[in-house]
Structure formats: C-alpha cells, structure tokens
Protein chains: 2
Amino acid sequence: MYGAGDVRIENRPDPTIQQPTDAVVRTVLSCVCGSDLWPYKSMPATGTGRPMGHEFLGVVEDTGSDVSGVRTGDLVVAPFTYCDNTCDHCARGLHFSCRQGGRYGFDGVDGGQGEAVRVPQADGTLVRLPVAADAALLPSLLALSDVMTTGHHGAVTAGVGHGDDVLVIGDGAVGLCAVIAARRRGAERIILMGRHAARTDLGRDFGATDVVAERGEEGIARVRDLTGGDGVEKVIEAVGTRQTLQTALGSVIDGGTISRLGVPQYEEGPVGPSMIMRNLTLTGGASPARAYIDELLPDILDGTIEPGRVFDKSFSLDGTPDAYRAMADRRVLKALLAL
Amino acid sequence: MYGAGDVRIENRPDPTIQQPTDAVVRTVLSCVCGSDLWPYKSMPATGTGRPMGHEFLGVVEDTGSDVSGVRTGDLVVAPFTYCDNTCDHCARGLHFSCRQGGRYGFDGVDGGQGEAVRVPQADGTLVRLPVAADAALLPSLLALSDVMTTGHHGAVTAGVGHGDDVLVIGDGAVGLCAVIAARRRGAERIILMGRHAARTDLGRDFGATDVVAERGEEGIARVRDLTGGDGVEKVIEAVGTRQTLQTALGSVIDGGTISRLGVPQYEEGPVGPSMIMRNLTLTGGASPARAYIDELLPDILDGTIEPGRVFDKSFSLDGTPDAYRAMADRRVLKALLAL
C-alpha cells in the first residue's frame, strides 16, 4: 500500500530464513481485514509502500535450525501477530504484547497478502492444521488468524456465559464472529446491530436472535425495548468509531461491560462521571489469537462453527486492489485471497 | 452548603416518618467526605442551600409501620445511598443504582451532617451494629458508610487477590482504605502513591509496602522501577483527576486493570488505540456499600481492620464549616463530626 486507495501488486525478494527461529510459509489463502481499510482510507502517500496483510494460511517451505514444532510441507495457520508463546506476556494470555513478537508488514517481515512470508518465532506462532491443503474447511481455518479469534476475545473479555443477553455492535466479519463466539459460550439472546441485510442474515444463521438496523439514539431505544428497558449486560463493540462507543454506552445496563474489538478511530472517549455512577466496565482489546486457536480449532474441524462463511467473495492475488475496493465500498463483507 | 466555601449551620424541621418504609435516625457520628470537597470548591452560589453529608451512624428514633429490620433504640450505620436491597439492581450488587434508592441531601431527604435524618427504605438501608453507642470502634464502623466500602470496591473490581501487586493512587481516606482492602484480600505488594507523609505513614500501617511520593511521569517511572519495568497489574485510582488517570494508564502493565473510585473531574479520557493495543480494562465505580457492610463488619468488630484511623480530627456539629476548611486546606485527612 502506497497511500490511501493505492494498493499495488509488486515483485519482492523471496523470503528466506534469517534467524534460526524463522520459518518460510508459502501462502495458500489470505484475506483483507477490516482494519486494513483504515489505512486504505487515510494513509498518507509514501514513496516506499508498506507490505499488507496479517491473516494467512499456507504450507511451510523452509525452517530455521531451531524450529522443531513445524516442518517443511506442514499446512499451518498464522495468528495475526507473531509471538514466542513462552514469554511472561504470552503466559498471561497477552500474545499481542509478546516480548519477541511483532506485526506482519513491519520490521522486515512480509505481509500476509503475498506469495510467501518469513514468519519469525515460528514455533511459538504457527499452528499445524490436520487437514489437506484443498479442504473445504480452509476458509474457516483462515478465520482463526484474526476475525474468529478476535470475536472470541470479545465474548471472553465481556464475560459472556450461559444464558446471557449480549449486544454485538457491527455486522462486519468481526462482529459476526463475535455472534458465533457468544452463541458458542451459551448466550441466550444475541442482539446484532447492523444495517446490511445480507450480513445480518448471516448473523442470524450464526445465532443472533434479534437484529437492530437502527443507529444512534434510535438503535439504543430499540435495544432497550428488546431488553426490558434497561439495556444489555454485555456489549461487544466491533466497529471502533466514537459513535459506536456512544451506542454501546447507551445500550448497556448499569453494572454492565463493554468489550471493544475495533481499533478506536478516536483518542478521547466519554469516560466521565456517568461511567462511574453506572459502574460500567470498559475492556476488550487486541486478541491473543494464538492462545485461542487451540480452543477453537476442534469446533471448526467438526463443523460446530463455520466462521469461513464471512468470506463472500474470492480474489486472486492480482485482484487484491479490487478486493480492497470492494470491501471499502461495502460490496463485499470479507475478501478471500486465493494464492 | 450555599455555594463554594459557604457552609452554614441552620435549624431545619425535625425529620418525621413520611412513608411506612422510613426510619428516623438520630445522628451520633458523621463526617465530611472527599467528594463533599468538590462542591465546596466549585458549587455555584444558591439562595436555598443544600443539605450535606452522606456518611452517618446513629440511633433509630422512630420507624414507619412497614419497617421490621430495625427498631427504636438500635444503633445503626447507613451506607452512603439508601436502597431497598431487594430490587434487581441491588440483587446484582448495584445498590447505587437501586430502583427505589437515592442520595441523602436530595429529594426531601436530609443530609447526614445534621442531628437527625429520615432514612427511606430503612429495612434495605440500615445495618444494626452490635456495639454500644459509646464504643471505641464507632469511627471504624462509620467508615463502613463510605470510605472503607469504597476502598473495598476498588479492590474487588480490580480483581485483587492473593499475591498480587497493587498500585493505589491517592493518599486520601478512600485510597488508604483501598490499601486496607488490598491487604485484606492478600495482595503481596501494595504501592501507595501520595506525598503527605502523615497519610502515607498511615498507609504503611495499613499494609502499603512501598510509597511513591513523585507524581506524573516521575511517579510512573518509580512504579515501573519497583515492579520490574512493566508496571502493575492492578491499579486503584482513588483521586479522580485526569492527571491521576494518566498516571494509572502509565503505571499499569499490558493486560492490567484500572479501577476508578474517585468521581472523575473530567468528561473525556484517553481511551483510544493504545488502550486496545495494551488490552487494558477500566472498571470501578460507585460502591454498593450496603452489600459490603456484612462482609467487612466482622473484621472491624474483631479489630482485624481499623479504617477509623483515617479520622484524624473531630469537630462538633457547629464546627462543620471549620471541618470543611481544614480538609480543603489538607490540614485534616478526614474530619469526624461528633453530634
């Protein structure tokens, strides 16, 4: 990406092992993330460009001398940041803060939207997938790299459990995966706030019991109507604008929890006296995807959950600029890149 | 209080039973709250004045026909808001949000800084104290009405448990009670941030293992030095300014929790991307004091905790204006009013 709206396909040097803990993975599937759309809309033009993509699944092509957990030929999925999975932060379930971790597309590491990636900390990062490289499950397994594990993080940090009422704000891929996660953890009522019928229909398939298409004050009033007047105990905010935070604050019952998943597109938020008087909790964050893959993988393998259904259109690598455009125009929910 | 700096002693009508659920309590001890100092510093002048005080302990003088839990002659403590202790909010531990609850000094209810108070929802609100009205324990029992139960709420909502490292920001009465609460819940290291030696010395008596007198960036650096460089997992913010929130954010480790107890003196706070990237949780709020009294009372009766030590000067009712001035000038930590 060279700037807002400027995504180009270029030849880059083939990645090679640089550290004994590296692996090189040849990409089979990748995709475009909702968070990729923020720079796509606002990134200042640069002369050098920035490799993009942090969700991918592929075949190990080479490994460094210290790598023992994966080997050449293994089909693996990569969580959206790499990590050693052993440091004190990882041990606390904070893989995003890993001492040796980092992000794809930065610091000399390739982006996932490309033919191959050098993955640092391969043993800590990569998870072997016990399926063939042409399995129908691959899109759902790719979702483990970010959207499904992120939606799960929302449900975990909001404390969603059996019989709960949950509001999910946002019908993007993360919001829809949060619906899957809330359902999977036993939520009874799942209200999905979104206005794109195709997406909210998929949300209903995933377990949403109610859909609220209204926004702002109207949306808040609808949620309160649906929940006896006082709002919902657990809110998963999967958009990241100031307006959706306000909607969350208006929809949550006193004593409730708002878990934020979208990267906030604001620096300051309304966390003054009323949040204290109402005993509200604001939590959430960047998912420790690596930590959740082990838990969610069996449910994908046996078909209990199908997060791959969020991919509603497939593009070739050359079609990546079209994929960005289609997602930015909201013609496509989540674009799969088949390498 | 007629405005900033303008506290007057006046004769008001003796309170009487108005609802069958009321009790009239003759005050034995009351006190001035740190939160009373906010209007003392900034309240616009009014012609009518506002009854003040929400912390008191006294003897039941009369009860309405529906009151069965307390009777005339009982020594009782009142939590800082009244509540029915039976509604759905109370059942969820949100007594501050009680459906039939309210605040002293508003809606025709007297303030606690006076000779007697009509207490609505007496059965839900008042807790009988199994001691004589002249017991040496009374100041500690009075602390149950607010500061001790509020400090406890900080420790509960921050999730403080055995072996934890905790930072308490603020050496006011609530901060000091948060130290008691953190120690009581088994915290191993308790860092108290405050610069008034007499108060931080009391904090050490209460269980603080370290005192940080520095503020702002310097204070953050000291806390990080004390905790291996990365900060503290649990922070109790017992002041309520924007600066102390910034200090909390700077002192907390990734994945940590900040519990706010002071009423925020700001409307907007820095809850943008870095809070998400660091997986921070912001929680806390107005304590359900009533819910905690049953748990804390035995520890006061047997001397395990002595929150009454925060009262460092006693005033008569007529001395109330002096009590406010002394607290506002920080000459007195917490002023006891002996009726």
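Computed from a predicted structure; not experimentally measured.

1. With respect to the overall build of chain A
Working step 1: Summing up its helical and strand segments, chain A has twelve helices and 16 strands in all.
Working step 2: Since a compact globule built from 339 residues should have a radius of gyration of about 20 Å, the 20 Å found for chain A is in line with a globular shape.
Working step 3: Considered along the principal axes of its C-alpha atoms, chain A spans approximately 60 × 40 × 40 Å.
Working step 4: Taking all 339 residues of chain A together, the buried fraction comes to 60%.
Working step 5: Approximately 12,800 Å² of chain A is accessible, and the part contributed by carbon and sulfur atoms is 45%.
Working step 6: Taking the 32 positively charged and 44 negatively charged side chains of chain A as two groups, their mean positions are separated by 3 Å.

2. What about the pattern of salt bridges?
Working step 1: A complete count under the given rule lists 44 salt bridges over all chains for this structure.
Working step 2: A salt bridge links B:Arg99 to A:Asp230; the nearest nitrogen and oxygen atoms lie 2.6 Å apart. Placement of B:Arg99 in the loop between helix 2 (88-91) and strand 5 (102-103) and of A:Asp230 in the loop between helix 8 (216-226) and strand 11 (232-237) is noted, with the two residues assigned to different chains.
Working step 3: Taking the relative accessible area as the measure of exposure, A:Asp230 reaches 23% and is therefore partly exposed.
Working step 4: Notably, a salt bridge pairs B:Asp210 with B:Arg189, separated by 3.0 Å at the nearest N-O pair.

3. Overview of the interface of chain A and chain B
Working step 1: Taken together, the 37 residues of chain A in the interface contact 37 residues of chain B.
Working step 2: Taken together, both faces of the contact between chain A and chain B bury some 3,200 Å²; the carbon and sulfur share is 50%.
Working step 3: By the criterion of area lost to chain B, the three top residues of chain A are A:Ile276, A:Met277 and A:Asn279, representing 19% of everything that side buries.
Working step 4: Along the contact surface separating chain A from chain B lie six salt bridges.
Working step 5: Between B:Glu233 and A:Arg92 there is a salt bridge, with its nearest N and O atoms 3.5 Å apart.
Working step 6: Joining chain A to chain B, the criterion identifies 26 residue pairs in polar contact (both at pLDDT 80 or more).
Working step 7: Broken down by secondary-structure element, the contributors of at least two residues to the side of chain A that touches chain B are strand 12 (252-260), strand 13 (269-270), helix 10 (273-277) and strand 14 (281-284) of chain A.
Working step 8: The leading source of residues in the side of chain A that touches chain B is strand 12 of chain A, at five residues.

4. Structural notes on the packing of helix 5 (residues 147-157) of chain B against helix 11 (residues 289-301) of chain B
Residues and elements named next belong to chain B.
Working step 1: Between helix 5 and helix 11, whose axes approach to 9 Å, the crossing angle comes to 95°. Overall, the two elements helix 5 and helix 11 adopt an arrangement that is roughly perpendicular. Here Met 148, Thr 149, His 152, His 153 and Val 156 of helix 5 lie close against helix 11, whose contacting residues are Ala 289, Tyr 292, Ile 293, Glu 295 and Leu 296.
Working step 2: Here the contact of helix 5 with helix 11 is composed, by residue class, of six nonpolar, three polar and one charged.

5. Topic: the environment of A:Asp302
Residue and element names in this part refer to chain A.
Working step 1: Its location among the elements puts Asp 302 in the loop between helix 11 (289-301) and strand 15 (311-316).
Working step 2: Sequence separation between Asp 302 and Leu 129 is 173 residues, and the spatial gap between their C-alpha atoms is 13 Å.
Working step 3: Here the side chain of Asp 302 touches Thr 304 through a polar contact of 2.5 Å, side chain to side chain.

6. Examining the pairing of strand 12 of chain A
Residues and elements named next belong to chain A.
Working step 1: Summarising burial for strand 12: eight of the nine residues are buried, a large majority.
Working step 2: Read from strand 11 through helix 9 (residues 242-251) to strand 12, the crossover connection turns out right-handed.
Working step 3: The sheet contact formed by strand 12 and strand 14 spans four bridges and is parallel. Along strand 14, the bridge assignment pairs Thr 257 with Thr 281.

7. Quick word on the UniProt feature "domain: Alcohol dehydrogenase-like N-terminal" (unreviewed entry) in chain A
Working step 1: Those residues carrying the UniProt feature "domain: Alcohol dehydrogenase-like N-terminal" (unreviewed entry) are residues 20-129 of chain A in this numbering.
Working step 2: With 13% helix and 28% strand, residues 20-129 of chain A has end C-alpha atoms that lie 23 Å from one another.

8. Brief notes about unusual backbone geometry
Working step 1: Of note, A:Asn279 is a non-glycine position whose phi angle comes to about 55°, a positive value.
Working step 2: On the secondary structure map, A:Asn279 appears in the loop between helix 10 and strand 14.
Working step 3: One non-glycine residue, B:Asp107, adopts positive backbone phi at about 55°.
Working step 4: Residue classification places B:Asp107 among the exposed positions, given a relative accessible area of 69%.

9. Looking at the domain arrangement of chain A
Residues and elements named next belong to chain A.
Working step 1: Domain assignment breaks chain A into domain 1 (23-146 + 288-338) and domain 2 (157-284).
Working step 2: On a C-alpha basis, the centres of domain 1 and domain 2 stand 26 Å from each other.
Working step 3: Each partner contributes to the interface: domain 1 provides 13 residues, whereas domain 2 provides 16 residues.
Working step 4: In this assembly, domain 1 packs against domain 2 so that about 1,300 Å² is buried in total across both faces, 61% of it on carbon and sulfur atoms.
Working step 5: In terms of surface lost to domain 2, no three residues of domain 1 exceed Trp 38, Arg 330 and Leu 333, which account for 44% of the buried area on that side.
Working step 6: If you look at where domain 1 meets domain 2, you find four salt bridges.
Working step 7: With its nearest N and O atoms 3.6 Å apart, the salt bridge here joins Arg 330 to Asp 171.
Working step 8: Where domain 1 meets domain 2, there are six residue pairs in polar contact (both at pLDDT 80 or more).
Working step 9: At three residues, the largest contribution of residues to the side of domain 1 that touches domain 2 is made by helix 11.
Working step 10: Counted by class, the side of domain 1 that touches domain 2 contains seven nonpolar, no polar and six charged residues.

10. A few points about the packing of helix 5 (residues 147-157) of chain A against helix 6 (residues 173-184) of chain A
Residue and element names in this part refer to chain A.
Working step 1: Look at helix 5 against helix 6: their axes get within 7 Å of each other, and the N-to-C directions meet at 55°. Here helix 6 runs oblique to helix 5, going by the angle between their axes. Crossing of helix 5 against helix 6: the hand is right-handed. Taking contact as the criterion, the partners of Val 147, Met 148, Thr 150, Gly 151, His 152 and Ala 155 in helix 5 are, on helix 6, Ala 173, Val 174, Cys 177, Ala 178, Ile 180, Ala 181, Ala 182 and Arg 184.
Working step 2: Here the contact of helix 5 with helix 6 is composed, by residue class, of ten nonpolar, three polar and one charged.

11. Focus on the UniProt feature "domain: Alcohol dehydrogenase-like C-terminal" (unreviewed entry) in chain A
Working step 1: In this numbering, the UniProt entry assigns the feature "domain: Alcohol dehydrogenase-like C-terminal" (unreviewed entry) to residues 173-296 of chain A.
Working step 2: Note that residues 173-296 of chain A is 45% helix and 23% strand, and that its end C-alpha atoms are spaced 17 Å apart.

12. Focus on the relation of the copies chain A and chain B
Working step 1: By a simple turn and slide, chain A fits onto chain B: the slide is 0.0 Å along the axis, the RMSD is 0.0 Å, and the turn is 180°. Here the transformation between the copies is reduced to the relation of a two-fold axis.
Working step 2: Looking at chain A, 100% of its interface residues are interface residues in chain B too, so the copies touch through the same face.

13. Overview of the packing of aromatic side chains
Residue and element names in this part refer to chain A.
Working step 1: Under the defined criterion, the tally for this structure stands at eight aromatic pairs over all chains.
Working step 2: Arranged with centres 5.1 Å apart and planes meeting at 80°, the rings of Phe 56 and Tyr 104 form a pair that is edge-to-face. One end of the pair, Phe 56, is in strand 2 (residues 56-63); the other, Tyr 104, is in the loop between strand 5 (102-103) and strand 6 (116-119), and 48 residues separate them in sequence.
Working step 3: The class of Phe 56 is buried, set by a relative accessible area of 1%.
Working step 4: Under the relative-accessibility criterion, Tyr 104 is labelled buried at 4%.
Working step 5: Three or more aromatic residues link up through ring pairs in this structure, and these residues are Phe 56, Tyr 82 and Tyr 104.
Working step 6: When the ring centre of Tyr 2 is taken as origin, the NZ or CZ atom of Arg 8, which lies over that ring, is 3.7 Å away.

Rules and cut-offs
Residues numbered from 1 in each chain as written. Chains lettered and ligands numbered in written order. Predicted model: local features only at pLDDT ≥ 70, side-chain atom pairs only at ≥ 80, totals over all residues. Heavy atoms only, no water. Helix = DSSP H or I, 4+ residues; strand = E, 2+ residues; numbered from the N terminus. Rg over C-alpha atoms; globule rule 2.2 N^0.38 Å. Buried < 20%, exposed > 50% of the residue type's maximum accessible area, 1.4 Å probe, protein only. Areas by Shrake-Rupley, 256 points an atom, 1.4 Å probe, with all protein chains shown as cover. Lys, Arg positive; Asp, Glu negative; His and termini not counted. Charge placed at Lys NZ, Arg CZ, Asp CG, Glu CD. Salt bridge = Lys/Arg side-chain N within 4 Å of Asp/Glu carboxyl O. Contact = heavy atoms within 4.5 Å. Buried area = accessible area lost by both parts, 1.4 Å probe. Polar contact = N/O pair within 3.5 Å; in protein donor to acceptor, adjacent residues only side chain to side chain. Axes fitted to C-alpha atoms, helices over the stretch in contact; angles between N-to-C directions. Parallel < 35°, antiparallel > 145°, perpendicular 65-115°, else oblique. Nonpolar A, V, L, I, M, F, W, Y, C, P; charged D, E, K, R; others polar. Right-handed = clockwise from strand over helix to strand, strands pointing away. Pairing = 2+ DSSP bridges. UniProt positions renumbered as here; feature names shortened; annotations may be inferred. Domains from an automatic or database assignment. Left-handed = near helix turned anticlockwise from the far one by under 90°. Least-squares fit on C-alpha atoms with pLDDT ≥ 70 in both. Phe/Tyr/Trp six-rings, centres within 6.5 Å; stacked < 30°, edge-to-face > 60°. Lys NZ or Arg CZ within 6 Å of the ring centre and 35° of its normal.

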